[in-house]
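Chain and residue survey
What follows is the residue order along each chain.
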Amino acid sequence: MQSPWKILTVAPLFLLLSLQSSASPAYDDLSRPSYSNGHTCVGCVLVLSVIEQLAQVHNSTVQASMERLCSYLPEKLFLKTTCYLVIDKFGSDIIKLLSADMNADVVCHTLEFCKQNTGQPLCHLYPLPKETWKFTLEKARRIVKKSPILKYSRSGSDICSLPVLAKICQKIKLAIEQSVPFKDVDSDKYSVFPTLRGYHWRGRDCNDSDESVYPGRRPDNWDVHQDSNCNGIWGIDPKDGIPYEKKFCEGSQPRGIILLGDSAGAHFHISPEWITASQMSLNSFINLPTALTDELDWPQLSGVTGFLDSTVGIKEKSIYLRLWKRNHCNHRDYQNISRNGASSRNLKKFIESLSRNKMLDYPAIVIYAMIGNDVCSGKSDPVPAMTTPEKLYSNVMQTLKHLNSHLPDGSHVILYGLPDGTFLWDNLHNRYHPLGQLNKDVTYAHLYSFLNCLQVSPCHGWMSSNKTLRTLTSERAEQLSNTLKKIAASEKFTNFDLLYMDFAFHEIIQEWQKRGGQPWQLIEPVDGFHPNEVALLLFADRFWEKVQLQWPQVLGKKNPFNPQIKQVFGDQGGH
């Protein structure tokens, strides 16, 4: 049964598919029945909160507030058009309910975007009304009793059901599920298009009509006639007749960086400006279309594969940018094979998207960083759903065998341990969430409780007021980290050496505090769960320091020809 909230995503095709693919952190658990479609409820409460707070901030009517919100949205992906469609469809009843002092929880339950099933608890973000919930809800329903909204047909609201769009919908869906570029003419898993798993996720293809041309391969005939590995270095030096690729890159030990990660590695990020009425302006949603077509991930700014300058004003760079700075022959050789909700259990569903030919390509540094979803879920009792050490061993060995059959000899694989996520509750629970800052009415404890009630929390185990549950989650995370450590110490593979690194978040916190920061500033403010851009770049810095100290062979040589490469080729073709 389709929810009427789908009307919000009727017009923009990319929005529809992106939200469907990234909605649930439990990527391997999408088939389980959700409680009243919890993401629908969260979305409704969020949007209604923004509308209500915009009216408060600008001392305007609800009608003006809705129109203001729509005016802020960009035309791309039909976002503005969709917003006005929502106003036309639901605006009159939203106005009636908010004008009657009903809060977002009440409105969304009244319009059936949220629903309390029989025997289920009442899920709410805001404090309950002073009058009983049942009385308040009946009063609200009387207000909209004759509304056409409640007669809205929940079927047929998915535009992918239209024959003319079915094929493209299926292609986008497959691209997102399989983590391969939507636009890839030569099917080499590299693209000239930035989003929909394009070059935001892996190096930009420099010839999308030739499957033998892609980042990371060893040069074809020293790239005398074309740039076969997209690092921007090709041709012959007219002074001595030596190919530039041979002169500048031979013996420099080029290598790529590949991340096998989850939503943290993909850098899941929802901008606070999108939901904070007091900060909202015409510029707030400029990046929303890009974010939607990247599944609300920002790999181009991530700690491992980010290639853009930081947006947070710190000097630290991603691991990819450090590898490029060390050796300009590494240009564009990065792959972010990460998924929202990825874990050791479901990695096999998309690891085939990794592109590395053991005979034709350069070695790679692979970071395995499934740091949360083996212990995290939104289930009401998350403990039975946690991966056991025995199952983790089996899953990781399967992954490592796959890597050994694809990675060139001389590669390196680093297993990242899991964090102790108790810092989330300890540092955030009594702080105000962006939705609660205006009226001091929603803390992270309220948000966590709301998400747990709906069974859509990214991590019920750590985002919980139950200290025993938080402790159990951390204990299992430690057990899994120890399993990864044992694998790295005992297992051997022919094409790569295997290493282990702790996910030492306490070290990042200490470094940040030395700079005058607070621990809570390292967490994404909207979801209250993911490490933010600052934290990811600090992790990259700590990773680089440890590898330089303990395993310097992993990083390869510093290329003495970097200045000459820059002089001859400039930015090597950009990204």
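These numbers were taken from a predicted model, which means no experiment stands behind them.

Topic: the pairing of strand β4 (residues 411-416)
- Within β4, six of the six residues are buried, which leaves the element mostly enclosed by the surrounding structure.
- Burial along β4 is two-sided: Ser411, Val413 and Leu415 and His412, Ile414 and Tyr416, pointing in opposite directions, are all buried.
- The parallel pair strand β3 (residues 364-369) and β4, bridged by helix α11 (residues 389-406), forms a crossover whose chirality is right-handed.
- Two strands pair when backbone bridges link them, and β4 and strand β5 (residues 496-501) are joined in this way by six bridges, in the parallel orientation. What sits directly across from leucine 415, in β5, is tyrosine 500.

Here's the deal with the sheet that holds β4
- The sheet built from five strands is open, its strands ordered β2-β1-β3-β4-β5 with parallel pairing. This sheet does not close on itself; its edge strands, each paired only once, are β2 (334-338) and β5. Across the sheet, the mean angle separating the axes of adjacent strands is 15° when strand polarity is ignored.
- Here β3 pairs with β4 via four bridges, running parallel. For valine 366, the partnering residue across the bridge sits in β4 and is valine 413.
- On top of the sheet, helix α14 (residues 467-490) reaches β3, β4 and β5; it is set at about 150° to β5, its chief contact.

Quick look at the side chain of threonine 136
- Checked against the element boundaries, threonine 136 lands in helix α6 (residues 133-143).
- Judged by its relative accessible area of 5%, threonine 136 is buried.
- Non-local contacts of threonine 136, meaning those with residues more than four positions away in its chain, are made with Met102, Val106, Pro129 and Glu131.

Observations concerning the pattern of salt bridges
- Applying the stated criterion to the full structure yields 16 salt bridges.
- A single salt-bridge network, built from bridges that share partners, covers Lys315, Glu316, Glu511 and Arg515.

Points about the domain arrangement of the protein
- Once the domains are mapped, the protein shows domain 1 (35-146) and domain 2 (256-569).
- Using C-alpha coordinates to define each centre, domain 1 is positioned 34 Å away from domain 2.
- With 29 residues of domain 1 at the interface, the matching set in domain 2 holds 25 residues.
- At the boundary of domain 1 with domain 2, total buried surface from both sides reaches about 2400 Å², with 78% on carbon and sulfur atoms.
- It is Gln53, Tyr72 and Leu125 in domain 1 that bury the most area against domain 2; as a group they hold 27% of the surface buried on that side.
- Taken together, the connections running from domain 1 to domain 2 amount to zero salt bridges.
- There are two residue pairs in polar contact (both at pLDDT 80 or more) connecting domain 1 and domain 2.

Some points on helix α13 (residues 444-454)
- With respect to burial, α13 is a largely interior element, eight of its eleven residues being buried.
- Inspection of α13 places Tyr444, Leu447, Tyr448, Phe450, Leu451, Asn452, Cys453 and Leu454 among the buried residues, and these make up the whole buried set.
- Taken together, the buried residues of α13 touch α2 (38-57), α5 (104-110) and α12 (422-428).
- In the segment just after α13, glutamine 455 is the residue with positive phi, at about 60°.

About the criteria used
The residue numbering used here restarts from 1 in each chain and proceeds along that chain's sequence as written. This being a predicted model, a pLDDT of at least 70 is required before a residue's local features are given, and a value of 80 or more before pairs of side-chain atoms are given or counted; all residues contribute to the totals for chains, interfaces and linings. Excluded from the side-chain calculation are hydrogens and water; included are all heavy atoms of the structure. Burial here depends on accessible area, computed with a 1.4 Å probe over protein chains only, as a share of the maximum for the residue type. Under 20% is buried, over 50% is exposed, and the range in between is partly exposed. Numbering of helices and strands runs from the N terminus; a helix is a DSSP stretch of H or I covering at least four residues, while a strand is a stretch of E covering at least two. Seen with its strands pointing away from the viewer, a crossover is right-handed when the path leading from the first strand over the helix to the second is clockwise. If DSSP finds at least two bridges between two strands, the strands pair. Whenever a helix is involved, its axis is fitted only over the stretch in contact; in every case the axis is a line through C-alpha atoms, and angles between N-to-C directions fall within 0 to 180 degrees. Any two residues having at least one pair of non-hydrogen atoms within 4.5 Å are treated as being in contact. A side-chain nitrogen of Lys or Arg and a carboxyl oxygen of Asp or Glu constitute a salt bridge if their distance falls within 4 Å. What counts as a domain boundary in this text is fixed by an automatic or database domain assignment. Buried area is a sum: the accessible area each of two parts loses on coming together, probed at 1.4 Å, counted once for each and added. Within 3.5 Å is the distance limit for a polar contact, defined as a pair of N or O atoms, with the added protein rule that one can donate a hydrogen and the other accept it, and that residues adjacent in sequence qualify only through two side-chain atoms.

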